[in-house]
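Here are the chains, one letter per residue:
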Amino acid sequence: MTVPPSAGTAVPRREQILRAAAELFARSGFGGVSVDDIGAAVGVSGPALYRHFPGKEAILAELLVGISEELLREGRVRVAAADGEADTALEALVDWHVSFALDHPALITIQSRDLDRLTEPERVRVRRLQHDYVETWVDVLRHRSPGLAADRARAAAHAVFGLINSTPHSARLDRPAMAALLRRMALRALLAT
């Protein structure tokens, strides 16, 4: 996934297809969207998508693998930038995940609903990336609280992901207010472990 271009910058067709597909998959489910639907959303015929992707399944794979890679990569970057300060690293991880969730609600919906539509190798890859992302959080939580058992830290991380990833259904405030609320709630929950 990429950052949206600034105003006036042309969006490459491949990125247009990914964005349109994400919105359509989130709204109608993977099975409820055709290649023609995706093409129409970006102003081309459905078969024209085959210039960019071998099929609808490849679009889904790129979306789900891409978000998993991005979460892990940026999570690691933020932890490294905290330079060993566990509280700073934890805050950075929460801020990152909140920002991601608010910016990509469609991808969160697709992830929770359509992961099983991936081929086995792609599903295994996504699960491995997700595991590594969770373990990034576990390491920070255990560094912050050395007596904290790994299974308890893992459970706490998953619970906070559930809270933050509820944004496609719960974001009822403007973005800054929702981000502040999620940040506050997530940190309080994690610090209670």
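Residues numbered from 1 in each chain as written. Predicted model: local features only at pLDDT ≥ 70, side-chain atom pairs only at ≥ 80, totals over all residues. Heavy atoms only, no water.

The positions that UniProt labels "domain: HTH tetR-type" (unreviewed entry) are, in the present scheme, residues 11-71. Each end of residues 11-71 is marked by a C-alpha atom, and these two atoms are 22 Å apart; helix forms 66% of the span and strand 0%. (UniProt positions renumbered as here; feature names shortened; annotations may be inferred. Helix = DSSP H or I, 4+ residues; strand = E, 2+ residues; numbered from the N terminus.)

Turning our eyes to something else, we now look at the packing of helix α3 (residues 56-81) against helix α4 (residues 86-103). One can describe the packing of α3 onto α4 by two numbers: an axis separation of 9 Å at closest approach and a directional angle of 150 degrees. Between α3 and α4, the angle falls in the class roughly antiparallel. Read as a crossing pair, α3 and α4 show a hand that is right-handed. Contact with α3, carried on its side by I67, E70, L71, E74, G75, R78 and V79, involves A89, A92, L93, D95, W96, H97 and F100 of α4 and no other residues of that element. Partitioned by chemical class, the residues of the contact of α3 with α4 number 8 nonpolar, 2 polar and 4 charged. (Axes fitted to C-alpha atoms, helices over the stretch in contact; angles between N-to-C directions. Parallel < 35°, antiparallel > 145°, perpendicular 65-115°, else oblique. Left-handed = near helix turned anticlockwise from the far one by under 90°. Contact = heavy atoms within 4.5 Å. Nonpolar A, V, L, I, M, F, W, Y, C, P; charged D, E, K, R; others polar.)

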